[in-house]
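Summary of structural features
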Amino acid sequence: MCGIVGYIGSKSALNILLEGLTNLEYRGYDSAGVAVSVNGQVELYKAEGKLQNLKDVVALKKEHVEKSTIGIGHIRWATHGAPTTVNAHPHSCNCGKVAVVHNGIIENYKELRERLEKNGCTFRSQTDTETVAHLVASKFAQTKDLTEAVRLATKEIEGAYALCVIHQDVKDTIVATRRNAPLLVGIGENEYYLASDVPAIIQHTKKAMYIDDNQIVTLTPNSMKYIDANKNILEPKIEHLPWEPVALSKMGYKHFMLKEIHEQPDVVRNVLSGKLRAMDENITLNEVTLNKDKLKELNRIQIVACGTSLHAAMIGKYIIEDFCGIPVDVEPASEFIYRRTITDEKTLVIGVSQSGETADTITAVRQAKALGSHILIVTNRPDSTMAREADSLIPVNAGIEVSVAATKSYMAQVLSFYLLAIYMAEVKGKNNLEKLKHELIILPQKIEEILAHKEEIQACAKKFANSKDFIFIARGINFPTALEGALKLKEISYINATGYTAGELKHGPIAMLDESMPVLSILMLGKVYEKILSNSEEAKARNARMIALTNSTDKKLEDLFESIIRVPEVDEMLSPALAIVPLQLLAYYIAEFLGKDVDQPRNLAKSVTVE
Ligand code: F6R
């Protein structure tokens, strides 16, 4: 979603801001802007659409704007008001001396706006953010102190925010603060950076400090003043950022999504490393502070997540129930938070999130925490807001994921659930999981085998790329795979794709079938193989165009299916980790064939920070 970059130092701020915003582009946005201070004047430059439009706007005054050594920048994903230039950040006040960029939502902006308008403020945009600019300006008029103006303004603001503010009358200063939206300060030599996420600044510094809720940072080129909401001075906690700038390069692949799909064998190795050493050794999960006695006491698990992470959670339910016999509920976090939920201190609540910043999931885990549940967070971002809510943490180690469509982070989440389920089963005394552990160890080679035959999937994609709709069917442990395959396809190709349990087909969806409808059957050898096969026969009898994704070598499949995507043999319990790879590739190649913007699909954001 939205992204923030700020710079104060002796270099030209403009290039740093534009480069930082470019590195946040993957998060999804629809307009962009920067505010810089040139010759003592605060100047705003904004444009709707892609960042290139903003670059074109500033290029007209490049020499002039490049003189600035202080600035704030923003990419906006519209929530309040259309994605227009006027609604793009930064926003300003009546006299134009203040510039504000903001991530999050000001919930009481209507009341604030009414009051400010009565006091003579003229609003130019429909955004909630503009209220902050006017509010800070009015507090500054009273206090003549920018830090104090921001502090007083935030006392009147309800909602979530990461804010960076500059003021024309306070030279060489940026004030920044946050509540329920991430913001960090990057530290250089006589210079500071601000960012809502690490990729914006990682090429400049690895030394950083995360700002916590309600804390305020005042930066000049040579100083950082750090206070809490009651003006107490705080000691900065400087951290080393564990990211490499190279993670943001496509490394020769056409898209980040394709690169990230190809990284999955190594992602699996990373996730297993140090935790699963040999098939005859118990799993060790150092990160899980969930103590073993507590685990034995649990009578229920509740998992909350959204989107792709929800599909990983559904696989988690299947395997934890199977291996451990503990009942597991999985619910979209966005539903969980709006009803009476029955969680208590005997419920383990697991929040799953790639970004760790998904607003619905954060709210869900906070609600469960308030009811006394132990909170376990499975995330790719141990530095995220959600990770900070955790009693126990499983960092999934997928590395930074740039493509909006999640692929390798899903693989890492699924693998983390296998480790967790086996770990819990072993704590409960179960000891017949050697075969599965062996399968896990050799999984990376099997994924590599699939990737080595990707041309076959590409050919299949070409054949079906012009379909208007797509149905994915599966049963049992691969039902979430069908949902995830369909989600990937619709996200990046905009084809209407739906996943069904194969048994449900005849209870309604079968009415949709005719010669124009592709039905992809996930046919993994095991308990439900024959059942799905007969559901596929039913679909074929209605003239659907049949595709099989299978590890069966049965020749008879060739009569039933127009296309067959083969994957290596695998234990049915582990098959979701293998079956998803061709589906990711199928979605990728269809979108690529249709010429879609694969890495930044329309309307989507990499981290969804609004409920
Ligand atoms: C799909 C996708 C989204 C996210 C969802 C939750 O490719 O990326 O469906 O999975 O928005 O995001 P996280 O996992 O960051 O909580």
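What counts and what doesn't
Residues numbered from 1 in each chain as written. Predicted model: local features only at pLDDT ≥ 70, side-chain atom pairs only at ≥ 80, totals over all residues. Heavy atoms only, no water. Pairing = 2+ DSSP bridges. Helix = DSSP H or I, 4+ residues; strand = E, 2+ residues; numbered from the N terminus. Contact = heavy atoms within 4.5 Å. Axes fitted to C-alpha atoms, helices over the stretch in contact; angles between N-to-C directions. Patch = residues over 30% accessible without salt bridge, like charges linked within 9 Å, V, L, I, M, F, W, Y side chains within 5 Å. Areas by Shrake-Rupley, 256 points an atom, 1.4 Å probe, with all protein chains shown as cover. Salt bridge = Lys/Arg side-chain N within 4 Å of Asp/Glu carboxyl O. Lys, Arg positive; Asp, Glu negative; His and termini not counted. Charge placed at Lys NZ, Arg CZ, Asp CG, Glu CD. Near = heavy atom within 4 Å. Polar contact = N/O pair within 3.5 Å; in protein donor to acceptor, adjacent residues only side chain to side chain. Nonpolar A, V, L, I, M, F, W, Y, C, P; charged D, E, K, R; others polar. Core = buried A, V, L, I, M, F, W, Y, C linked by side-chain atoms within 4.5 Å. Buried < 20%, exposed > 50% of the residue type's maximum accessible area, 1.4 Å probe, protein only. Domains from an automatic or database assignment. Arc of directions from axis to C-beta.

**Regarding the sheet that holds strand β4 (residues 70-76)**
As summarised here, the arrangement of the 8 strands in space is β3-β2-β4-β1-β9-β8-β10-β13, forming an open sheet in which the pairing is antiparallel. Taken across any chain shown, the strands that pair with only one partner, and hence form the sheet edges, are β3 (41-48) and β13 (239-240). Across 2 bridges, strand β10 (residues 207-210) lies against β13 in antiparallel orientation. Considered in β13, the bridge of K207 is made with H240. Sheet strands touched by helix α1 (residues 13-24): β1 (3-8), β2 (31-38), β4 and β9 (191-195). Its angle to β1, the strand with the most contacts, is close to 155°.

**Section: the environment of D128**
Within the secondary structure, D128 is located in the loop between α4 (109-118) and α5 (129-143). With sequence-adjacent residues up to four places away left out, D128 is seen in contact with H80, H102, G104, I105, I106 and Y109.

**Re a negative patch on the surface**
Together, E107, E111, E114, E158 and E611 give the surface a local cluster of negative charge. Counting through the fold element by element, E111 comes out in helix α4.

**Topic: the site of the ligand**
In the vicinity of the ligand there are 14 residues, among which S309, S353, S355, T358 and E491 approach most closely. Within the side chain of S309, a nitrogen or oxygen atom sits 2.5 Å from an oxygen atom of the ligand. Measuring from an oxygen atom of the ligand, one finds a side-chain N or O atom of T358 at 2.4 Å. If the ligand stood free it would expose 400 Å²; the protein chains cover 91% of that surface. Elements with a contribution of two residues or more to the shell around the ligand: α10 (307-324) and α17 (479-493). By residue number, the principal contributor to the shell around the ligand is α10, which donates 3 residues. Here the residues of the shell around the ligand are counted per class, giving 5 nonpolar, 7 polar and 2 charged.

**With respect to the nonpolar core**
In globular proteins that are soluble, nonpolar side chains generally tend to be buried together. In this structure, F323 and I350 are the most contacted members of the largest nonpolar core, which totals 95 residues. Element by element, the count of residues in this core is highest for helix α14 (residues 408-427), at 15 residues. Here this core spans two domains, since at least three of its residues come from each of domain 2 (251-448) and domain 3 (453-602). Discounting residues that sit within four places of it in the chain, I350 has contacts with I301, Q302, I303, V304, L376, V378, F417 and L420.

**Observations concerning the side chain of S563**
Tracing the backbone through its elements, the reader meets S563 in strand β23 (residues 563-566). By relative accessible area, which is 8% here, S563 ends up buried.

**Considering the sheet that holds strand β21 (residues 518-523)**
Strand order in the open sheet formed by 5 strands is β20-β19-β21-β22-β23, with parallel pairing between adjacent strands. With one partner strand each, in any of the chains shown, β20 (496-501) and β23 form the two edges of the open sheet. Adjacent strand axes in the sheet meet at a mean angle of 20° when their direction is disregarded. Relative to strand β22 (residues 545-550), β21 runs parallel, the two being bridged by 6 bridges. Note that in β22 the partner of L520 across the bridge is I547. Here helix α18 (residues 529-541) sits on the sheet and contacts β19 (469-474), β21 and β22; the angle it forms with β21, its principal contact strand, is near 170°.

**Comments concerning helix α2 (residues 51-59)**
Residues that lie three or four places apart on an α-helix share one face, since the helix turns once every 3.6 residues. Considered for burial, the residues of α2 that qualify are L51, L54 and V58. One side of α2 holds all its buried residues, which, seen down the axis, span an arc of 55°.

**Topic: the environment of K46**
With respect to the element layout, K46 can be found in strand β3. The spatial distance from the C-alpha of K46 to the C-alpha of V365 is 37 Å, given a sequence separation of 319 residues. In this structure the side chain of K46 is engaged in a polar contact, spanning 3.4 Å, whose partner is the backbone oxygen of V86. One polar contact links the side chain of K46 to the main-chain carbonyl oxygen of P90, over a distance of 2.9 Å.

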